Amino acid sequence: MDRIDCMKVFVTALDEGSLAGAGRRLGRSPAAVSRAVDFLERHVGVQLLHRTTRAIRLSEAGERYANACRRVLADLEEADMVAASERSAPRGTLTITAPVVSGSEVLRPILDDFLDAYPAVSARLHLLDRPVNLIDEGIDVALRIAHLPDSSMIAIRIGEVRRVVAASPRYLAAHPPITAPADLARHHIVAMTQTGIDTWSFPPPGDGAIARSVSLTPRLIVNSVAAAVASAAEGHGVTRLFSYHVAERVGRGELQIILEGDEPPPYPVHLIMPERRLSVPKVRGFVDFAVPRLRAAFTDLWSQTTP
């Protein structure tokens with residue numbers, strides 16, 4: 001059997017979550033898909049997948065092998081594109097990752113428009129609130145909201161967002177004033193598991209050098225941005241999120257940003273990609289299409305939360 005073809009089947013099975021799903025996507029029988037995976041397992045001499053009648057799960061060795069397969073297949077696709085001189089004709093499957101909220105509300109409409117403009121391109125959008133290793137996980141482009149470490153990745157800055165503290169006007173009117181971060185210790189807190197549930201840190205005051213840390217006892221802890229925004233907007237407490245998370249509610253007067261003078265410096269927003277991927281037409285085409293639209297979107301979101 002062709003090993004590269006078997007790798008494609010293996011990766012497709014992982015993407016679809018089952019051997020049957022891979023068969024449907026590739027137009028092959030379940031038996032053919034199973035034979036391809038069996039061939040790879042015999043070739044490498046280890047079990048790659050734990051299989052049940054309903055699902056598949058990678059073994060430890062399978063996880064490492066899957067990452068290697070994705071790199072090999074991405075390199076082969078790039079080589080094919082360059083050799084075929086298809087630099088001006090985006091085609092193939094574009095794989096993108098982004099945080100859940102910015103990915104679904106900001107990036108996804110732009111991706112939809114890109115797919116409408118380029119019918120030969122399809123896409124897989126992974127919405128994940130965790131750092132992703134682009135090379136190991138076979139990602140073409142990532143939307144990242146963070147201060148980036150030095151790396152070999154290409155990074156295109158498209159905007160910035162603030163880390164803000166917000167509450168509803170109704171809550172603020174019914175509780176003691178919040179004029180300094182220390183005041184938060186006496187308030188109802190709606191905390192996010194991803195951004196600190198027992199302490200919030202703030203920059204040093206004035207010309208100070210020591211950051212301020214406020215100990216909290218949250219009334220509600222959630223792992224969903226939408227839940228934190230909704231609870232705060234309904235008057236149940238104070239929350240801390242990125243400015244784009246609350247922009248719509250602030251614009252409608254349902255939330256009010258407080259402690260603006262105590263915010264940390266804004267976080268940059270970038271599109272990042274492995275250096276060699278930018279030469280692939282589908283990636284270059286998407287970057288050229290998305291960057292001006294993303295910059296406009298994040299500029300608009302910034303203006304909605306800035307006095």
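One can find the structure itself at the top, above this paragraph.
About the criteria used
Residues numbered from 1 in each chain as written. Predicted model: local features only at pLDDT ≥ 70, side-chain atom pairs only at ≥ 80, totals over all residues. Heavy atoms only, no water. Core = buried A, V, L, I, M, F, W, Y, C linked by side-chain atoms within 4.5 Å. Buried < 20%, exposed > 50% of the residue type's maximum accessible area, 1.4 Å probe, protein only. Helix = DSSP H or I, 4+ residues; strand = E, 2+ residues; numbered from the N terminus. Contact = heavy atoms within 4.5 Å. Pairing = 2+ DSSP bridges. Axes fitted to C-alpha atoms, helices over the stretch in contact; angles between N-to-C directions. Salt bridge = Lys/Arg side-chain N within 4 Å of Asp/Glu carboxyl O. Disulfide = S-S within 2.5 Å. Polar contact = N/O pair within 3.5 Å; in protein donor to acceptor, adjacent residues only side chain to side chain. Phe/Tyr/Trp six-rings, centres within 6.5 Å; stacked < 30°, edge-to-face > 60°.

A. Looking closely at the nonpolar core. Counting 46 residues, the largest nonpolar core has Phe286 and Leu294 as the members making the most contacts within it. Ranked by residues supplied to this core, first place goes to helix 9 (residues 281-304) with 9 residues. The residues contacting Leu294, other than those within four sequence positions of it, are Val106, Leu107, Ile110, Ile158 and Leu271. The next biggest cluster of nonpolar side chains, apart from the first, holds 21 residues, and it includes Val9, Ala36, Leu40 and Leu49.

B. Representation of the sheet that holds strand 11 (residues 220-222) within the structure. Across the sheet, which stays open at both edges, the 5 strands sit in the order 11-8-12-7-13 with mixed pairing between neighbours. In this open sheet, the two strands that pair with only one neighbour each are strand 11 and strand 13 (256-258). Direction aside, neighbouring strands of the sheet carry axes that sit 35 degrees apart on average. When strand 8 (residues 189-192) meets strand 12 (residues 238-242), the two strands line up parallel, connected through 2 bridges. Bridge pairing in strand 12 links Val190 to Thr239. Against the sheet, helix 8 (residues 243-251) touches strand 7 (163-167), strand 12 and strand 13, its axis set at about 120 degrees to strand 12.

C. Molecular detail of the pattern of salt bridges. Counted under the stated rule, the structure contains 20 salt bridges. Arg252 serves as the salt-bridge partner of Glu248, at 2.6 Å between the closest nitrogen and oxygen. One network of salt bridges, with partners in common, ties together Glu248, Arg249, Arg252 and Glu254.

D. Expanded view of the pairing of strand 14 (residues 267-273). Counting buried residues in strand 14 gives 6 out of 7 residues, a clear majority hidden from the surface. By the bridge criterion, 4 bridges tie strand 5 (residues 141-145) to strand 14 in an arrangement that is antiparallel. Within the sheet, the bridge partner assigned to Leu143 lies in strand 14 and is Leu271. As paired strands, strand 6 (residues 154-161) and strand 14 are joined by 7 bridges and run antiparallel to one another. Considered in strand 14, the bridge of Val161 is made with Tyr267.

E. Here's a closer look at the sheet that holds strand 14. The 5 strands are arranged 4-3-5-14-6 in an open sheet whose pairing can be described as mixed. Strands at the two margins of the open sheet, each flanked by one partner only, are strand 4 (121-127) and strand 6. Across the sheet, the mean angle from the axis of one strand to that of its neighbour is 20 degrees, orientation sign disregarded. Across the sheet, helix 5 (residues 100-117) is in contact with strand 3 (92-98), strand 4 and strand 5; its angle to strand 4 comes to roughly 180 degrees.

F. Representation of the environment of Ala123. Summarising the element assignment, Ala123 is placed in strand 4. A C-alpha to C-alpha distance of 7.5 Å links Ala123 and Ile96, two positions 27 residues apart in sequence. Apart from the residues lying within four places of it in its own chain, the contact partners of Ala123 are Thr93, Leu94, Leu111 and Leu115.

G. Structural context of the state of the cysteines. Enumeration according to the criterion identifies 0 disulfides in this entry. Counting only cysteine sulfurs, Cys69 is the nearest neighbor of Cys6, a cysteine outside any disulfide, at a range of 9.9 Å.

H. Spotlight on the side chain of Arg162. Following the sequence through the fold, Arg162 ends up in the loop between strand 6 and strand 7. A relative accessible area of 6% means that Arg162 is categorised as buried. One polar contact links Arg162 to Glu260, side chain to side chain, over a distance of 3.3 Å. Here Glu263 takes part through its side chain, which lies 2.7 Å from a polar atom of the side chain of Arg162. For Arg162, the contacting residues outside a window of four places in its chain are Leu241, Phe242, Ser243, Ile257, Glu260, Glu263, Trp302, Thr305 and Thr306.

I. Fine view of the environment of Gly261. With respect to the helices, strands and loops of the structure, Gly261 is situated in the loop between strand 13 and strand 14. Here the alpha-carbon distance between Gly261 and Ile156, two residues 105 residues apart in the chain, equals 28 Å.

J. Quick look at the packing of aromatic side chains. Scanning all chains against the criterion turns up 7 aromatic pairs. With a centroid separation of 6.2 Å and an interplanar angle of 80 degrees, the aromatic rings of Tyr244 and Phe298 are classed as edge-to-face. Of this pair, Tyr244 sits in helix 8 while Phe298 sits in helix 9, and the two are 54 residues apart along the sequence. The same class applies to Tyr244 as to Phe298, namely buried.

K. Quick look at unusual backbone geometry. Despite not being glycine, Leu259 shows a phi value in the positive range, around 55 degrees. Residue placement: Leu259 occurs in the loop between strand 13 and strand 14. Judged by its relative accessible area of 9%, Leu259 falls in the buried class.

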